[in-house]
Amino acid sequence: MNRRLIHLLLLLLLAAFARPAWAWNEVGHLTIARIAWEQLDATQRETVVGVLRQHPHCEQLLLKDRPHEVTPEEWMFLRAASWADYIRPPRNMSRNQISMHPIHRFHRGPWHYVNFPYRAGQSDSALPPEPIVGEGIYATHILEQLHVCMKVLIDKTSLDAGREADVTDDQNRAIRLCWLFHLVGDLHQPLHVGTLVDETRFPGAAHSDLGGNLVSIRTHIGAPPYKLHAFWDDRLGTDSHFPTVCDLTELLTHDPRLSTQYLGELLQHHDFRSWAEESYQLAKNVAYRNGELPLAKFDDFDRRLIKADDVPVLPQGVEAEANRVARRRVLLAGYRLAQKLKQLAAGWTHQAPGAP
């Protein structure tokens, strides 16, 4: 093992001591995309990149900050996976300001997750028949939007309730392709699928802990509290520089414990809902520890009703297990994204002239 990989392993071991910088997270999404990139041949890559070139933010975001050692095509491909996070508006921006902004108006918060309810101590790990949804713009979720992405990309339909009115069909396909990149990754994060429902701890909150966003933990004694959701988002560290992403990709794809012969899910589960069920089971069994994970309400700490030392420390072995699960999920997401892109590229290649 070379020196760079040894250094990367040390960074992963120390990742829990760093505060999260993004969501599941920039390095995670870039790594998922690079795993997919390596699974595609040159023709498939060019076909996918040809669609991304039509994106209204191609120059502004997809090609931004390109390192000298990576081609524009590969950088565009990788950045497509994080575009949905780059467009998040600042918290202090009003809804009207967002609707008028050239970049932030494309943000769609509810598309990133789905809240399937989990109650502490329940024995059933099967995905509930229906998720908890809100009203208006919050009446949708990641599973619905993944299906819309595939329909727009396969059928080249102009019917898309989530599109901005002034974008062309080609631009909207590029936008939906970026959403596909990102949402396949998000669906593999357990706390983007399951939410802890607890009417006693969260009275009146239909979505209860919002997938770990309203509860906090500490990784070790003396560490500051941070949200359980952020803890999971951050399992691959926060260094999103291109060399680190390359090293992570090599580390994951060449780990004998993660070889495809040990990834039975790849052969057993092929649709979005089955991937969501995997994440839901992991939320129940690993993230929430079957309801036994000690938690504090993050709002109690934030409002100084409790001290940092009152926030529970993760039991021994929990962080190491979360790291193992996260690496497996990122690798699965990369392979599955590649499968979807190969399917799309094959269809586009056989379409009539004018196809992407």
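Model, not experiment: these values are computed from the prediction. (Residues numbered from 1 in each chain as written. Predicted model: local features only at pLDDT ≥ 70, side-chain atom pairs only at ≥ 80, totals over all residues. Heavy atoms only, no water.)

Q: Quick one: what's the story with empty space enclosed by the protein, residue by residue and with numbers?
A: According to the stated counting rule, one finds 2 cavities of 30 Å³ or more in the structure shown. Put simply, the largest cavity is a space of about 70 Å³. In terms of lining, the largest cavity is formed by Phe106, Arg108, Trp111, Asp160, Gly162, Arg163, Glu164, Asn172, Ile175, Arg176 and Trp179. Space inside the second largest cavity adds up to approximately 30 Å³. Lining the second largest cavity are Leu228, Phe231, Trp232, Val286, Ala287, Leu293, Leu314, Val318 and Ala322. Counting residues per element, the ones that place at least two in the lining of the second largest cavity are helix H10 (228-233), helix H13 (272-287) and helix H15 (318-349). Tallying contributions element by element places H10 first for the lining of the second largest cavity, with 3 residues. For the lining of the second largest cavity, the residue count by class is 9 nonpolar, no polar and no charged. (1 Å grid on protein atoms, 1.4 Å probe; cavity = no way out; pocket = protein on both sides within 12 Å on 5 of 7 lines; lining within 4 Å. Points joined across faces, edges and corners; volume = space filled by probe spheres on them. Helix = DSSP H or I, 4+ residues; strand = E, 2+ residues; numbered from the N terminus. Nonpolar A, V, L, I, M, F, W, Y, C, P; charged D, E, K, R; others polar.)

Q: Got a sec to walk through the sheet that holds strand E3 (residues 215-217)? Specific residues and values, please.
A: For sheets, the rule is that strands pair by backbone hydrogen bonds, running either parallel or antiparallel. Pairing is antiparallel in the open sheet, where 3 strands are placed in the order E4-E3-E5. Strands at the two margins of the open sheet, each flanked by one partner only, are strand E4 (226-227) and strand E5 (296-297). (Pairing = 2+ DSSP bridges.)

Q: Report on the nonpolar core, specifying residues and quantitative values.
A: Within the largest apolar cluster, 96 residues are counted, with the highest numbers of intra-cluster contacts made by Phe77, Trp83, Leu177, Leu180, Phe181, Leu228 and Leu341. With 14 residues, the single largest contributor to this core is H15. Those residues in contact with Leu177, other than ones at most four positions away along the chain, are Val48, Val51, Leu52, Leu153, Leu341, Leu344 and Trp348. (Core = buried A, V, L, I, M, F, W, Y, C linked by side-chain atoms within 4.5 Å. Buried < 20%, exposed > 50% of the residue type's maximum accessible area, 1.4 Å probe, protein only. Contact = heavy atoms within 4.5 Å.)

Q: I'd like a description of unusual backbone geometry, backed by residues and values.
A: Residue Lys156 is not a glycine yet carries a positive backbone phi of 55°. Looking at the secondary structure, you find Lys156 in the loop between helix H8 (142-155) and helix H9 (169-187). For Asn290, which is not glycine, the phi dihedral falls at a positive 55°.

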